[in-house]
Amino acid sequence: MAAAIAETLAYPPGPPHRAAWAQSLSTGPAGIALLHTERAATGLAPRQPVHTWLATATRTTLTTGLQAGLFLGAPAVAFAVHTAAGPQRYTRALAALDTRIAALTRQRLHTAQARMDRAERPVLAEFDLINGLTGLGAHHLHRDPHGSLLREVLDYLVLLTQPVAGLPGWWTHQPPTGRRDPGYPGGHANHGIAHGIAGPLALLSLAARAGIHVDGHTTAIRRICAWLDTWRQDHRTGPWWPETLTLHDLQEHRPTQQAPGRPSWCYGTPGLARAQQLAGQATGDTSRQRTAEDALAGCLADPRQSAHLTEPGLCHGMAGLFQTAWHIASDALSPDLADHLPALASRLQAAAPDDGHGFLRGAAGRALALCTAAADRPPATGWDTCLLLNAPGGT
């Protein structure tokens, strides 16, 4: 099935192309190139489609403006090019991209520090995985894990975890991304791995697991975990965490969300469980690791949660659930979680047709998760570093 999807995505559609689409890791050529790169790296397909899609991604001027992040603009293309690179391949392009991404990362760090100096709350796009510094850190973890830029991002994340005026440092006055909801007076704490604090937790933990530490690193991991422990909810099938918390929730000492939501990578139990499993591994906390693994096991055993999952893609759907569950099962203290993987792979195959061709919500992401299911080993290219599920060289 992955091969069939890749064949339908062998060539980009004809012009004209919107610049935002061309530079998108989520929906455009940069993300689709990841599929062809993974298949070429494992000897399943030729490299020509990789070149074709990367050429399409670089045909327009790459943005490093306010909208640029790991999933859009120069950082998105840089992640795809680095994933596809090898000895003597794309060296000039990577050198040019490295210069631009370094400048963008330092600019964002400077802006974040100035905001902290003014004692203001962050916007989600300052720190999150999709748009912010966590996403840029994921690229640096992939591209140059022992470089100074990753360490500077980690230093920033340590500062982000420090409480400010009785609230966590990542508390934002914005409503959750994509919502214009008056039900968030005073802002919220976002827990998801895509837009919330589970993203920084996963990046800090992956770096620590790789032996990369900065001052206050372990304290920051434990500070995030302590917050999540406070808001962990007990369910008949296992623990779960609310997607967001408001000031009203804090005042009432309970979340408005009454039950586990969609078991997605982006906001649901799977992504939060993976971040906390990584934290347990990074700090030697086997109790935390077991709690995270129990949370996923309970999620997978609950048909009510499964019923919320109606899409096939990585962000909100079955592909994201499978890829996340595969990594959790591979690192689990108990072999039992792996028993769920064949059924999840079958559900991924049988899911409804994809919504588009892209990586995060479309056919390319589904095919990449199917590649993991078929090979039953970590991606050869480390493509899922951009989801903070793993880092190159990990399990």
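Positions within a chain are numbered from 1, following the residues in the order the chain's sequence is written. Under the rules for a predicted model, residues below a pLDDT of 70 receive no local features and side-chain atom pairs below 80 are neither given nor counted, while totals for whole chains, interfaces and linings still include all residues. Side-chain calculation: all heavy atoms of the structure are included, whereas hydrogens and water are not.

The name given to the protein in an unreviewed UniProt entry is Lanthionine synthetase-like protein, and the organism recorded there is Lipingzhangella halophila.

Chemist: Which residues make up the side chain of Arg 366, and what values go with them?
Modeler: Helix and strand definitions follow DSSP, with helices as H or I runs of at least four residues and strands as E runs of at least two, each counted in order from the N terminus. Relative to the helices and strands, Arg 366 is located in helix 18 (residues 363–375). Here, two residues are considered to be in contact whenever any of their heavy atoms come within 4.5 Å of each other. If we skip the residues at most four places from it in the chain, Arg 366 touches Met 1, Ile 5, Pro 312, Ala 319, Leu 348, Gln 349, Ala 350, Ala 351, Ala 352, Pro 353 and Asp 354.

Chemist: An account of the packing of helix 10 (residues 198–209) against helix 11 (residues 217–230) is requested, with residue identities and associated values reported.
Modeler: Throughout, an axis means a line fitted to C-alpha atoms (over the contacting stretch in the case of helices), and angles, computed between N-to-C directions, take values from 0 to 180 degrees. Put simply, helix 10 and helix 11 touch, their axes get as near as 10 Å, and they point 140° apart. The pairing of helix 10 with helix 11 is recorded here as oblique in orientation. Of the two possible hands of crossing, helix 10 and helix 11 adopt the one that is left-handed. Judged by residue contacts, Leu 201, Leu 204, Ser 205, Ala 207 and Ala 208 of helix 10 engage His 217, Ala 220, Ile 221, Ile 224, Cys 225 and Leu 228 from helix 11. When describing relative orientation, an angle under 35 degrees is termed roughly parallel and one over 145 degrees roughly antiparallel, while 65 to 115 degrees is termed roughly perpendicular and anything else oblique. Handedness of each helix crossing follows the sense of rotation of the near helix against the far helix: counterclockwise by less than a right angle gives left-handed, clockwise gives right-handed.

Chemist: Got a sec to walk through the environment of His 195? Specific residues and values, please.
Modeler: Mapped onto the fold, His 195 is located in the loop between strand 1 (188–190) and helix 10. Given the relative accessible area of 12%, His 195 is considered buried. Expressed as a C-alpha distance, the spacing of His 195 and Pro 270, which sit 75 residues apart in the sequence, is 15 Å. If near-sequence neighbours (up to four positions away) are discounted, His 195 is found in contact with Leu 124, Phe 127, Asp 128, Ile 130, Asn 131, Thr 177, Asn 190 and Tyr 267. A polar contact of 2.7 Å, which involves the side chain of His 195, links it to the side chain of Asp 128. Only protein chains enter the accessibility calculation, which uses a 1.4 Å probe; a residue is then buried when its area is under 20% of its type maximum, exposed when over 50%, and partly exposed in between. Identification of polar contacts relies on pairs of N or O atoms within 3.5 Å, with a donor-acceptor requirement for protein atoms, meaning one able to donate a hydrogen and the other able to accept it, and with residues adjacent in sequence counted only if both atoms are side-chain atoms.

Chemist: Before we move on, can you summarise the nonpolar core with the specific residues and values?
Modeler: Nonpolar cores were defined as sets of buried Ala, Val, Leu, Ile, Met, Phe, Trp, Tyr and Cys residues, with membership established by side-chain atoms within 4.5 Å. One finds Leu 25, Leu 35, Phe 71, Trp 265, Phe 359 and Leu 387 to be the most contacted residues of the largest nonpolar core, which totals 120 residues. Once you skip the residues sitting within four places of it in the chain, Phe 359 turns out to touch Leu 25, Ser 26, Gly 31, Leu 34, Phe 71, Leu 314, Ala 364, Gly 365, Leu 368, Trp 383, Cys 386 and Leu 387.

Chemist: Explain helix 17 (residues 341–350) to me, and be specific about the residues and the numbers.
Modeler: Note that an α-helix has 3.6 residues per turn; residues three or four places apart therefore point the same way. For helix 17, the full list of buried residues reads Leu 341, Leu 344, Ala 345 and Leu 348. Taken around the axis of helix 17, the buried residues stretch over an arc of 100°, which confines them to a single face. Across from the buried face of helix 17, at angles greater than 90 degrees, the exposed residues are Pro 342 and Ala 350. Arc, as used here, means the arc of the directions from the helix axis to the C-beta atoms.

Chemist: I'd like a rundown of the pattern of salt bridges, residues and numbers included.
Modeler: Oppositely charged side chains can form a pair if their charged atoms are brought close together. Salt bridges, as used here, are contacts in which a Lys or Arg side-chain nitrogen is within 4 Å of a carboxyl oxygen on Asp or Glu. Using the criterion set out here, one finds 10 salt bridges in the structure. The residue Arg 361 makes a salt bridge to Glu 311 at a minimum N-O spacing of 3.5 Å. On the criterion of sequence distance, the pair formed by Arg 361 in the loop between helix 17 and helix 18 and Glu 311 in the loop between helix 15 (303–307) and helix 16 (318–331) is long-range, its members being 50 residues apart. A relative accessible area of 22% places Glu 311 in the partly exposed class. Each member of the salt-bridge network shares a partner with another, and the members are Arg 209, Arg 274 and Asp 331.

Chemist: Give me the UniProt feature "binding site: Zn(2+)" (unreviewed entry) in the protein: which residues, what numbers.
Modeler: UniProt positions are given in the numbering used here, feature names are shortened, and annotations may be inferred rather than shown by experiment. Per the UniProt entry, the sites bearing "binding site: Zn(2+)" (unreviewed entry) are Cys 266, Cys 315 and His 316 in this numbering. The named residues occupy 51 residues along the chain; their greatest pairwise C-alpha distance, 6.4 Å, places them in one compact cluster. Locating Cys 266 in the fold gives a position in the loop between helix 12 (247–252) and helix 13 (269–283). The class for Cys 266 is buried, based on a relative accessible area of 3%. Excluding residues that lie within four positions of it along the chain, Cys 266 makes contacts with Gly 192, Ile 193, Ala 194, Cys 315 and His 316. Within the fold, His 316 resides in the loop between helix 15 and helix 16.

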